Amino acid sequence: MVLKKKKNWKSVKLKGSSLGYIIMLDGNTLRTPLKNYLVIENKVIADEVHREWLNVKGEITYSSMPYTKACFLSIDRSKQESLKLRNKLVSYGMSDLLCYRAEIDSELAKLQSKGWDPLIEWMQLWLKTTFRISHSIMPIEQSHNLEIDLTKLIKPLQPLTLTALNELVTLSGSLIIGFAILKGKVSSERGWKLLRIDEDWQRESWGTVDEQKAEDKLKKRLFMESSKILRIVRSG
């Protein structure tokens, strides 16, 4: 994706079409980096993309345009890339953050259990399957049935949902947290706190340096942006 480009238009308009909504720049339909027409099905997402382009003053910086970036990625992704992305998410589910715990009966393990067990139980009831939990750093060998169930769960996801879920899961290391936010089981803020249990416990013990604070701020912003897209998509 081209990260920067100079503004060279005067008017930005949102227009409905037979397929969805399009953004018009000086009367020309906005295209993606791969020259596909940007057609957005969800009106709320379209309004957010419209707002982002209205706010461009000089250079286009997609890092500050999360809705545009997500839509571009979703439209330009090939079928092969989509399959790879779905397989990647299944892999995250097979080695989910929530399945790896600290030493049994330790303070951290108790915090993990209190925060993570309800989501594990919710996911197991939903899928009618079981996640194996480990209290060591050794990789967990989850069941083949779980892999099949996760594959079925991810297969019907629409491109924009897939894009936002991938961003959220990559940041958190947890497909379970990703689906909990997508399905409205937990709020974005609660999801962020749950994925931070390990790091927050470490920081309380050893302190936090300025570089970590800056990184935390960036990760949280990206996490919240992706979570909001999932909430919008869920609401239809």
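The paragraphs below set out a description of the structure included in this document. (Residues numbered from 1 in each chain as written. Predicted model: local features only at pLDDT ≥ 70, side-chain atom pairs only at ≥ 80, totals over all residues. Heavy atoms only, no water.)

## Comments concerning unusual backbone geometry
As a reminder, the rule being used: The way it works is that DSSP assigns letters per residue, a run of H or I at least four long becomes a helix, a run of E at least two long becomes a strand, and they are numbered from the N terminus.
Although it is not a glycine, Asp-105 sits at a positive phi angle of roughly 75°. Of note, Asp-105 is situated in the loop between helix 3 (79–94) and helix 4 (107–127). Phi is positive for Lys-128, which is not a glycine, with a value near 55°.

## Structural notes on the packing of helix 6 (residues 159–172) against helix 7 (residues 175–182)
Using the following cut-off: In this description, a line fitted to the C-alpha atoms serves as the axis of each element, helices being fitted only across the stretch in contact, and the angle between N-to-C directions of two axes falls anywhere from 0 to 180 degrees. Should an angle lie under 35 degrees it is considered roughly parallel, over 145 roughly antiparallel, and from 65 to 115 roughly perpendicular; all remaining angles are considered oblique. Each crossing gets its hand from how the near helix is turned against the far one by less than a right angle, where anticlockwise is left-handed and clockwise is right-handed. Residues are treated as being in contact if the distance between any of their heavy atoms lies within 4.5 Å. Note on residue classes: Ala, Val, Leu, Ile, Met, Phe, Trp, Tyr, Cys and Pro are nonpolar, Asp, Glu, Lys and Arg are charged, and everything else, Gly too, is polar.
The interhelical angle for the contact between helix 6 and helix 7, taken along N-to-C directions, is 135°, at an axis separation of 9 Å. When the axis of helix 6 is compared with that of helix 7, the two are oblique. Judged by the twist between their axes, the crossing of helix 6 over helix 7 is right-handed. Contacts between helix 6 and helix 7 pair Thr-161, Leu-165, Leu-168 and Val-169 from the former with Leu-175, Ile-177, Gly-178, Phe-179, Ile-181 and Leu-182 from the latter. Among the residues forming the contact of helix 6 with helix 7, the class breakdown is 8 nonpolar, 2 polar and no charged.

## So, the nonpolar core
For clarity, the threshold we go by: Within this scheme, the nonpolar core is defined by two criteria: the residues are buried Ala, Val, Leu, Ile, Met, Phe, Trp, Tyr or Cys, and they are joined through side-chain atoms within 4.5 Å. Burial classification: accessible surface area is computed with a 1.4 Å probe over protein chains only, and a residue below 20% of its type maximum counts as buried, one above 50% as exposed, and the rest as partly exposed.
Judged by nonpolar contacts, the single largest core of 63 residues is most densely connected at Ile-45, Val-49, Trp-53, Met-123, Ile-177 and Phe-179. In terms of residue count, helix 4 provides more of this core than any other element does, 8 residues in total. In this structure, Trp-53 is in contact with Trp-9, Val-12, Leu-25, Leu-30, Ile-60, Tyr-62, Met-65, Thr-68 and Phe-72, ignoring residues within four places of it in sequence.

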